[in-house]
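Spelled out, the chains give:
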Amino acid sequence: MRAAVVWLAFLAAASPATAAAQDYPAREIRSICNFSAGSGADIVVRYYSDRLSKLAGRAVVVENKVGVQGNIATEYVARSKADGYTIMITPASSTLAAARHLFKQLPFDPDKDFTPVTTLAKLSFAIAVDAKSPVRTIAELTEHLRKKPGHGAYATGSNTGQVTGELYKEMAGLKTTYVPYKQTMSALTDVIGGQVDFMTYDITFLVPQARSGRVRILAVTSAARLATLPEVPTMVESGFPGYDLTPWWGVVVPAGTPKAIVEQLAAWFNQITTSEETRKFLENLATDPFPGSSESMAALIRTEIDQWGRYVRLAKIEPQ
């Protein structure tokens, strides 16, 4: 009798969450983007949000919350209600793993404040210059910078972009000034205008700019060349042994989101990622599909936290 009472009490406590998961989603979902509209991050977030809307049968509204290298949006998600109606599609290797080492104090805990949903894609960062520049290789860029007072300046707008630039500086023996940008297009304008010498941005943003003749991509940060940019060498091939920076995308929700909702979101996102349409979309952005699970993403975050600690120490980046 006592066991029956305990079981009934458990069912009564669990039933609201179960019912909520079964009815999910009952209204629009907010998809929070860490970076500005028109950026490489924004393109990916809007693509996945649109496809999620079609599978979930509800509107998925993208909200860009810009600032503090993505931390404003990340904190917003961490403080949101854990009901599955606030999600973040994000370059998680940066906004979660790297952030722990790049900031003295974070307004969120990368481990405790989020529940991973699934991984989405792997990509690369790259070093690019104005397309009209005579510089065509990393070796030529290094030579060009060494002739300038203070070794010039470079532009970026993210944690990963900063690590990309600082690793290059460290390994090349340069003192180039890091110039942070809140708006991606402002950085592009200044590279084209000659206010900065090069930019370190995600390949998602740089590929369209290269194809339109605005910039020239000198090298990618991944260990291997990209299938969509076979002519562009890696940093290793450019004379920097061991240089391997391969960011990845994932989806998180606030910690405490019901497991059934997390699993439903993971199933939808993996369905999107493994579709032929998405493969072509990612290929056009020089990005590879990377489906996963809540468990595999959680394990990857733990591994990357350690790896990014090494990156930051090597680049001698002082936490902000």
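About the cut-offs
Residues numbered from 1 in each chain as written. Predicted model: local features only at pLDDT ≥ 70, side-chain atom pairs only at ≥ 80, totals over all residues. Heavy atoms only, no water. Helix = DSSP H or I, 4+ residues; strand = E, 2+ residues; numbered from the N terminus. Buried < 20%, exposed > 50% of the residue type's maximum accessible area, 1.4 Å probe, protein only. Contact = heavy atoms within 4.5 Å. Lys, Arg positive; Asp, Glu negative; His and termini not counted. Charge placed at Lys NZ, Arg CZ, Asp CG, Glu CD. Phe/Tyr/Trp six-rings, centres within 6.5 Å; stacked < 30°, edge-to-face > 60°. Lys NZ or Arg CZ within 6 Å of the ring centre and 35° of its normal. Salt bridge = Lys/Arg side-chain N within 4 Å of Asp/Glu carboxyl O. Pairing = 2+ DSSP bridges. Axes fitted to C-alpha atoms, helices over the stretch in contact; angles between N-to-C directions. Right-handed = clockwise from strand over helix to strand, strands pointing away. Parallel < 35°, antiparallel > 145°, perpendicular 65-115°, else oblique. Left-handed = near helix turned anticlockwise from the far one by under 90°. Nonpolar A, V, L, I, M, F, W, Y, C, P; charged D, E, K, R; others polar.

Caption draft 1: Seen up close, the overall build of the chain. The secondary structure content of the chain amounts to 11 helices and 11 strands. In terms of overall dimensions, the chain has C-alpha extents of about 85 × 40 × 30 Å along its principal axes. Across the 320 residues that make up the chain, the buried fraction comes to 52%. Of all intrachain contacts in the chain linking residues separated by at least 6 positions in sequence, the fraction that spans at least 24 positions is 76%. Between the centroid of the 33 positive side chains of the chain and the centroid of its 30 negative side chains there is a distance of 2 Å.

Caption draft 2: The arrangement of unusual backbone geometry in detail. Residues Tyr24 and Pro25 are joined by a peptide bond in cis, for which omega reads -5°. Not every positive phi belongs to a glycine, and Ala286 is a case in point at roughly 60°. We classify Ala286 as buried; its relative accessible area is 5%.

Caption draft 3: Molecular detail of the packing of aromatic side chains. Enumeration over the complete set of coordinates arrives at 12 aromatic pairs. Aromatic pair Tyr201 and Phe205: ring centres 5.8 Å apart, planes at 50°, arrangement tilted. For the pair Tyr201 and Phe205, one class covers both residues: buried. An aromatic cluster is defined as three or more aromatic residues linked by ring pairs; in this entry it consists of Tyr154, Tyr168, Tyr178, Phe198 and Phe240. Of note, Lys65 hangs over the ring of Tyr76, and the distance from its end group to the ring centre comes to 4.4 Å.

Caption draft 4: Quick look at the pattern of salt bridges. A full pass over the atoms with the stated rule returns 17 salt bridges. Put simply, Lys54 and Asp50 hold a salt bridge, and the shortest N to O gap is 3.4 Å. Note that Lys54 and Asp50 are positioned in helix α2 (residues 40-56) at a spacing of four residues, about one turn of the helix. Between Glu166 and Lys169 there is a salt bridge, with its nearest N and O atoms 3.2 Å apart. Placement of the pair is Glu166 and Lys169 together in helix α6 (residues 159-172), with a separation of three residues, close to one helical turn.

Caption draft 5: Structural view of the environment of Gly70. By the secondary structure assignment, Gly70 is in the loop between β2 (60-64) and α3 (71-78). Look at Gly70 and you get buried, because its relative accessible area is 2%. Taking the C-alpha atoms as reference points, Gly70 and Cys33, 37 residues apart in sequence, are found 8.4 Å from one another.

Caption draft 6: Representation of the side chain of Thr204. Structurally, Thr204 can be placed in helix α8 (residues 203-211). Excluding anything up to four places from it in sequence, Thr204 contacts Gly40, Val44, Leu123, Leu285 and Thr287.

Caption draft 7: Structural context of the sheet that holds strand β1 (residues 29-33). Spatial strand order, β2-β1-β3-β10-β4-β11: six strands in an open sheet with mixed pairing. Every interior strand has two partners, whereas the edge strands, β2 and β11 (288-289), have only one. Relative to strand β10 (residues 248-254), strand β3 (residues 86-90) runs antiparallel, the two being bridged by three bridges. Counted as the bridge partner of Thr90 is Gly250 from β10. Lying on the sheet, α2 is in contact with β1, β2, β3, β4 (114-122) and β10; it crosses β2 at an angle near 160°.

Caption draft 8: Quick peek at the pairing of strand β7 (residues 177-180). Here strand β6 (residues 153-156) runs beside β7; their pairing, made up of four bridges, is parallel. When the sheet's bridge partners are listed, Thr156 is paired in β7 with Pro180. The parallel pair β6 and β7 is bridged by α6, and the resulting crossover is right-handed.

Caption draft 9: Main features of the sheet that holds strand β9 (residues 215-220). The sheet built from five strands is open, its strands ordered β7-β6-β8-β5-β9 with mixed pairing. Looking at strand neighbours, the two that pair on one side only are β7 and β9, the edges of this open sheet. The sheet shows a mean angle of 30° between the axes of neighbouring strands, taken without regard to direction.

Caption draft 10: View of the packing of helix α4 (residues 92-102) against helix α11 (residues 294-315). Running from amino to carboxyl end, α4 crosses α11 at an angle of 45°, the nearest separation of the two axes being 8 Å. With respect to α11, the element α4 is oriented oblique. The crossing of α4 and α11 is right-handed. On the side of α4, the interface is formed by Ala92, Ser93, Leu96, Ala97, Ala98, Arg100, His101 and Leu102, while α11 contributes Met297, Ile301, Glu304, Ile305, Trp308, Gly309 and Val312. Across the contact of α4 with α11, the residue classes tally to 10 nonpolar, three polar and two charged.

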